[in-house]
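Coordinate inspection notes
Now for the letters of each chain:
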Amino acid sequence: MDGLLRLTAPDEPLPDWRTRVSPVTAAEANGDPAKECPVPATDLRKIWVRYLGFDRRAHDGYVIMHHTLAEPIQRAFGRLYRWRFPIMAMPPMVVEDRSVMTLGYECRFVAGTTRWSQHSYGLAIDVNPRQNPMLRGDYLDPPNSRTWLARERYWPGMMHEDGAVPAFTAEGFYWGGRWKTLLDYMHFSTNDR
């Protein structure tokens, strides 16, 4: 999907999609159990999903989200998998550059403020940050993603309104690629923040 036209059948059928949900410990959620974050680990869940990697192979990974979003996240990733939309990396994969990771919960402030990010509540997810950067004025995050600002292109892993975005918006998420004061193509949240 996402703007790529397939003229031949895929090389191989996809392995069956699978998912499961497990609890999250304070150490997994915050790294430091003494860190005071706005949501306790008991409100979070590790949502395991099978995803298609950029290597065209099936992998199992997870995102941590608020427990109320487990089923919507499962359905969204189920759609992405059936559509063969690639995800560059998800935990527990270990990578040198975290800017390639699809992540949900992260106990942190909004950049440049002392206001909690929606990620700190488990209410937001960033999908393929490198292929879907955030741009505010001349500030680019991640910094090595300028190539993917050419949004008229439909390269693997890019989020587009007429492509993979509906996997999340159909589940009640808002997309940061529609914002006016900044563009955050990676970001989906439940409250449009």
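That block above? That's the structure.
First, a word on what this report is: a plain description of the structure on this page. Note that the coordinates shown come from a computational prediction; the quantities given were computed from them, not determined experimentally.

Turning next to the overall build of the chain. A count of helical and extended segments in the chain gives three helices and nine strands. N-terminal to C-terminal, the α/β element order of the chain is β-α-β-β-α-β-β-β-α-β-β-β. At 16 Å, the chain has a C-alpha radius of gyration in line with the 16 Å of a compact globule built from 193 residues. The principal-axis extents of the C-alpha atoms in the chain amount to approximately 55 × 40 × 30 Å. Within the chain, the proportion of its 193 residues that are buried is 48%. Long-range pairs, those at least 24 residues apart, make up 57% of the contacts in the chain with a sequence separation of at least 6.

For the rest of this paragraph, the subject is unusual backbone geometry. Here the bond from Pro 91 into Pro 92 is cis, since omega is 10°, no more than 30 degrees from zero. The topology assignment puts Pro 92 in the loop between α2 (70-82) and β4 (124-126). Note that the residue after Asp 141, namely Pro 142, is joined by a cis bond; omega there is -5°. The topology assignment puts Pro 142 in the loop between β6 (139-141) and α3 (166-169). Even without glycine at this site, Arg 56 takes up a positive phi of about 65°. With respect to the helices and strands, the residue Arg 56 is situated in the loop between β2 (44-52) and β3 (58-66). Backbone geometry at Arg 84 places phi at a positive 60°, although glycine is not the residue there. By the secondary structure assignment, Arg 84 is in the loop between α2 and β4.

As a further point, take α2. The first and last C-alpha atoms of α2 sit 18 Å apart over 13 residues, in line with the 18 Å expected at 1.5 Å per residue. Of the positions making up α2, those classed as buried are Ala 70, Pro 72, Ile 73, Gln 74, Ala 76, Phe 77, Gly 78, Leu 80 and Tyr 81. Each element contacted by the buried residues of α2 is listed here: β1 (19-23), β2, β3, β4 and α3. One or two steps after α2, the chain reaches Arg 84, where phi turns positive at roughly 60°.

Let us look at the pattern of salt bridges. Applying the stated criterion across every chain yields a total of ten salt bridges. For the salt bridge of Arg 57 with Asp 55, the shortest nitrogen-to-oxygen distance reads 4.0 Å. A residue is classified by how much of its surface remains accessible, and Arg 57, at 55% relative accessible area, is exposed. With a shortest N-O distance of 2.8 Å, Glu 171 and Arg 79 are connected by a salt bridge. Taken as a pair, Glu 171 in the loop between α3 and β7 (174-175) and Arg 79 in helix α2 lie far apart in primary sequence, 92 residues in all. Judged by its relative accessible area of 15%, Glu 171 is buried. It is possible to trace a salt-bridge network through shared partners that takes in Glu 71, Arg 75, Arg 79 and Glu 171.

How each quantity is defined
Residues numbered from 1 in each chain as written. Predicted model: local features only at pLDDT ≥ 70, side-chain atom pairs only at ≥ 80, totals over all residues. Heavy atoms only, no water. Helix = DSSP H or I, 4+ residues; strand = E, 2+ residues; numbered from the N terminus. Rg over C-alpha atoms; globule rule 2.2 N^0.38 Å. Buried < 20%, exposed > 50% of the residue type's maximum accessible area, 1.4 Å probe, protein only. Contact = heavy atoms within 4.5 Å. Expected span 1.5 Å × (residues − 1). Salt bridge = Lys/Arg side-chain N within 4 Å of Asp/Glu carboxyl O.

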